Structure formats: structure tokens, C-alpha cells
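The primary structure of each chain is shown beneath.
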Amino acid sequence: MTKRAATSETTLPERATTPARLLIGRLAEYQELLGLLNSGQGLTVISTDPWSGTSALLQSAVEEASGPCVLVDARRCADELDFAMAIADATVTALAPEAAGWWHGSAPPASTAGLRLSRTLASESIPLDGLRFGSGRPDVRLDEAMRLVLALTGDRPASLIIDHAGLLLAGMQAPSARELLSRLRALRQRYDRLDLILVEHPDGDAASALSDDRHPLYQAGRALRIRRPAPARYVDDLAIARTWTDAPAPLLRIAAELAAGVPWLTWQIIEQSTPAAADAREQALTGWAVVRAASEAATIREWDLLRRLHPHAQTVVAAMAVGLKPNAIAANSKSVGDALRRLRGAGMAWQPQPRSWTLGDPLLAAWARGHAPPWIERRRDAP
């Protein structure tokens, strides 16, 4: 089997549809992802911190990769059948864009590109209606989706990247999630020209399965950890990416600190900052206040929905927001643990270090600090 040659050269995006500045602070990770796509690694599970900007890195890396890539957003999927359809939709859009309108039903049935795609699928014994309209057995449709990728890439190795796979798995019953991972391993082994990359939250089902000798995914591939960038990384990357932004280094660093390293939020703060302010901190704080005010309604809604996630989720979030450990709340350890697991499954909290928890959304954390229950406020202020 022929694999793509790896490259160690520094490659910066030239035609990225996502703003190149979103890579600042993440250039090393971007190079690693690009190398992964260009070399072929079989099966890889990428564990990412919530709001780490990994989706933007993947989009840019896919655009610059040397071989065909299909990037799927699994957030639109509720089950395996949805998953198979999402792969098929993304494959046609990426590898046969002239037939995408026909595939999605917005072009005439007699479309030339559509008929050409139909003939290609027929030659590979891939039925049309099952994948287009979501009917039949999910496992059969998933196999057909994989074969669709191969049918449209010819003899070339290809990469199938499933972004937000962790949210799909977390929303499934444990036996169903295990079965899906088992099926993905089998399909990857059957179609070894297709590299599979699963992106999920830290300690998710797929990453844990790689080291679980009782799981079908045990040692099936490699694991890659991508963390949220530290504020200093933004300034360090300016030496390479200075042409991508005119933001002063002090402003960039302070904005990244306020945003807890979240890339898109860092740049939102900079966009809303006041250039005429006396110093960089004042500029950044002005931008932070504008972003918080603009997102307050959504943040309050997120806070209210925490009660539906778990009875103690709101209190646990408030405690973490002010720097207390989750077990500081008046609830038994089992309930607190269950709340944390649900917050992690929703991508709202994660463990940057063992036995350490932090919130994913800096905007929610800031709002919770100002609206925590009175006892949490007093506990925080206690000597």
C-alpha cells in the first residue's frame, strides 16, 4: 500500500478559508496535524480540550494536505445512521463538489454531474437511496459510506476526519458507542487505504478504549493530545505569523489571558478593544466587557440549562468558577462525580491534570463568578 510522504518543513496556509490568525498560538499543533494527514497513520484518536480551536486547525490542515481528505462534523449526528449519512454528504461535497447539488436534491435529477456520480456508485455496488435518505441498516450504510470515500479517491490514500466524534459517542448508550467503535476498527482494517481520525474531548470513549485491553479498539491506533494554547504561545508565534495580524504583542497576550487561551474568543476581544485606551490591559478589558455583554443572553441560557443536565451541575460549575474544588459543594461524592461526568460529556468541563477540573467556557465561568450562590462567595473569601 502506498502512503503519502511525511514532510518536516514548516508549511503555513496560503489559501485557508478560515482566518489564518486562528492558527497563531497553535502553529506547532497545526504542523503536527498537517504531518498526520500527509503521512498516513492508520487510526488516530485526537483528544482536545474544549474550545481549543482544533476545528479551525483541522480545516486549515485539510485545505493544505497533499492528499484527499473528508472532514465530517459529528455534532449533527444522533446515531450511527445519521453518522453514515454525514460521512456520505461530506464526501460528495469534498470530493465531487460538482455533484453536491444533485446529491442534496437542489439540482435537477438529470444533472450531468449527478448522473456521473450515480454511475460511479453503481459500479461499486453502492445503493443511492440508503445513504441519501437514511434508510436501512446503520451498519450497512456505514460500510457504504466508507466505500463511497474510496470510490471517489481512486487509488489514492485518503483521510476521513470525524470532528466532534466525542459528542456523538457521549450521546449514545454505552453499548451502542462501544459497538460503533468496534465497527470503525473493523472498517479501518478492511479498507486500509483509508486513514481514520477521530476527534473527541479528553478521556473520551475512543481515547480510553485505545488503552483498555477489554475493548475492541484496544491498541488499534495512536493517540494525539491537543491542549488549549497558553497565552504565551500567542506571542511566541508572532515571530512566524506577524503578517497575519497587526495586534500588538502585549494586547494579544492579555486578551488570551482573559479568554483562558480560547482562540476565537481571544480574537473577539482584540476586535472589540479600544485602540485609544491608555494601555494594553485597558484595551483588552474594554474588548472583554463588550464580548461579555454581547453574549450575556446566551450565557445565561447556558447557565439555566445546567439544571437540566444534572441537579448539581449549576452548583458544581459555580464552585469551579470561583476556584473551589467540585467536591466543596454540599452533595455526596457520587452525585458530584456524576455531574462532572455529564459536564465532561457535554464538553463543558475537562481535566487538564489528574484530579483537577476546569470549565470549558470562559464566558460562563466569568458569569458564574458574579452570580454564584452566597455560600460559595463566602467560602471563596474565607481565609
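Everything below is about the structure printed above this text.
Let me sum up the structure you'll find in this document. (Residues numbered from 1 in each chain as written. Predicted model: local features only at pLDDT ≥ 70, side-chain atom pairs only at ≥ 80, totals over all residues. Heavy atoms only, no water.)

### Details of unusual backbone geometry
For residues besides glycine, phi is generally negative; the peptide bonds are generally trans as well. Counted only if it meets this: A run of H or I in DSSP counts as a helix once it spans at least four residues, and a run of E counts as a strand once it spans at least two, with each numbered from the N terminus. Relative accessible area decides the class of each residue, using a 1.4 Å probe on protein chains only: under 20% of the type maximum gives buried, over 50% gives exposed, and in between gives partly exposed.
With a phi close to 60°, Ser125 is a non-glycine residue in the positive phi region. Mapped onto the elements, Ser125 comes out in the loop between helix 5 (112–123) and helix 6 (128–133). Assessed through its relative accessible area of 55%, Ser125 is described here as exposed.

### So, the packing of aromatic side chains
Defined as follows: Any pair of Phe, Tyr and Trp rings, taking the six-membered ring for Trp, is counted once the centres come within 6.5 Å. Such a pair is stacked with planes under 30 degrees apart, edge-to-face with planes over 60 apart, and tilted for the rest. Two conditions define a charge sitting above a ring: the NZ of Lys or the CZ of Arg must be within 6 Å of the ring centre, and it must be within 35 degrees of the ring normal.
Under the defined criterion, the tally for this structure stands at three aromatic pairs. A ring pair is formed by Trp303 and Trp367, whose centres lie 5.6 Å apart and whose planes are at 55°; its orientation type is tilted. On the criterion of sequence distance, the pair formed by Trp303 in helix 14 (residues 280–309) and Trp367 in helix 17 (residues 362–370) is long-range, its members being 64 residues apart. Exposure remark for Trp303: the relative accessible area of 8% places this residue in the buried category. Relative accessible area serves as the criterion here: at 10%, Trp367 is assigned to the buried category. Geometry around Trp103 places Arg132 over its ring, the cationic atom sitting 5.8 Å from the centre.

### Describing the environment of Leu285
Secondary-structure assignment places Leu285 in helix 14. Remark: the alpha-carbon pair of Leu285 and Leu196, spanning 89 residues in sequence, is separated by 42 Å.

### Remarks on the pattern of salt bridges
For side chains of opposite charge, pairing can occur when their charged atoms come near one another. Our working definition: The term salt bridge refers to a pairing of a side-chain nitrogen on Lys or Arg with a carboxyl oxygen on Asp or Glu at a separation within 4 Å.
Across all of its chains, the model carries 16 salt bridges by this definition. The residue Asp143 makes a salt bridge to Arg147 at a minimum N-O spacing of 3.1 Å. Residue Asp143 and its partner Arg147 are located together in helix 7 (residues 138–151), separated by four residues, close to a single helical turn. Using a relative accessible area of 22% as the deciding quantity, one classes Arg147 as partly exposed.

### Notes on the layout of surface pockets
Note the following rule: Every definition here rests on a 1 Å grid over the protein atoms only: cavities are sets of points where a 1.4 Å probe fits but cannot get out, pockets are open sets enclosed by protein on both sides within 12 Å along at least five of seven lines, and lining residues have some atom within 4 Å of a point. Grid points are joined across faces, edges and corners, and a volume is the space filled by probe spheres set on the points. Under this grouping Gly is polar, as are all residues other than the nonpolar Ala, Val, Leu, Ile, Met, Phe, Trp, Tyr, Cys and Pro and the charged Asp, Glu, Lys and Arg.
In this structure, the largest pocket occupies an estimated 640 Å³ of space. Lining the largest pocket are 26 residues, and of these Pro50, Trp51, Ser52, Arg75 and His164 lie nearest its centre. When residues in the lining of the largest pocket are grouped by element, the largest group, three residues, is from helix 2 (residues 54–64). Partitioning the lining of the largest pocket into residue classes produces 10 nonpolar, 10 polar and six charged. Size it by volume and the second largest pocket reaches roughly 430 Å³. For the second largest pocket, the lining is made up of 21 residues, of which Leu169, Ala170, Met172, Ala174 and Asp205 are closest to its centre. Looking at the lining of the second largest pocket, the elements that each hand over two or more residues are helix 8 (165–170), helix 9 (174–190), helix 10 (205–210) and helix 16 (333–345).

### Concerning the sheet that holds strand 1 (residues 43–48)
Applied cut-off: What makes two strands pair is DSSP finding at least two bridges between them. A fitted line through C-alpha atoms serves as each axis, taken over the contacting stretch for helices, and the angle formed by two N-to-C directions is quoted from 0 to 180°.
With parallel pairing, five strands are arranged side by side in an open sheet as 2-3-4-1-5. The open sheet is flanked by strand 2 (69–73) and strand 5 (222–226), the only strands paired with a single partner. On average, each strand axis in the sheet is inclined to that of its neighbour by 20°, with strand direction left out of account. Examined bridge by bridge, strand 1 and strand 5 share five bridges and lie parallel to one another.

### Some thoughts on helix 12 (residues 249–258)
Operational definition: Contacts are assigned to residue pairs with any non-hydrogen atoms lying within 4.5 Å of each other.
Buried within helix 12 are the following residues: Leu251, Leu252, Ile254, Ala255 and Ala256. Tucked into the core, helix 12 has its buried residues touching helix 11 (231–241), helix 13 (263–271) and helix 14. Where helix 12 ends, the next residue or the one after it, Ala260, has phi of about 55°, a positive value.

### As for the packing of helix 15 (residues 313–321) against helix 16
Our working rule: Just so you know how the angles are binned, under 35 degrees is roughly parallel, over 145 roughly antiparallel, 65 to 115 roughly perpendicular, and the rest oblique.
Orientation of helix 15 relative to helix 16, taken along the N-to-C sense of each, is 80°, at an axis distance of 9 Å. Between helix 15 and helix 16, the crossing angle belongs to the class labelled roughly perpendicular. Each of Ala313, Val316, Val317 and Met320 in helix 15 lies in contact with helix 16, whose residues at this interface are Val336, Ala339, Leu340 and Leu343. Class assignment for the residues of the contact of helix 15 with helix 16 results in eight nonpolar, no polar and no charged.

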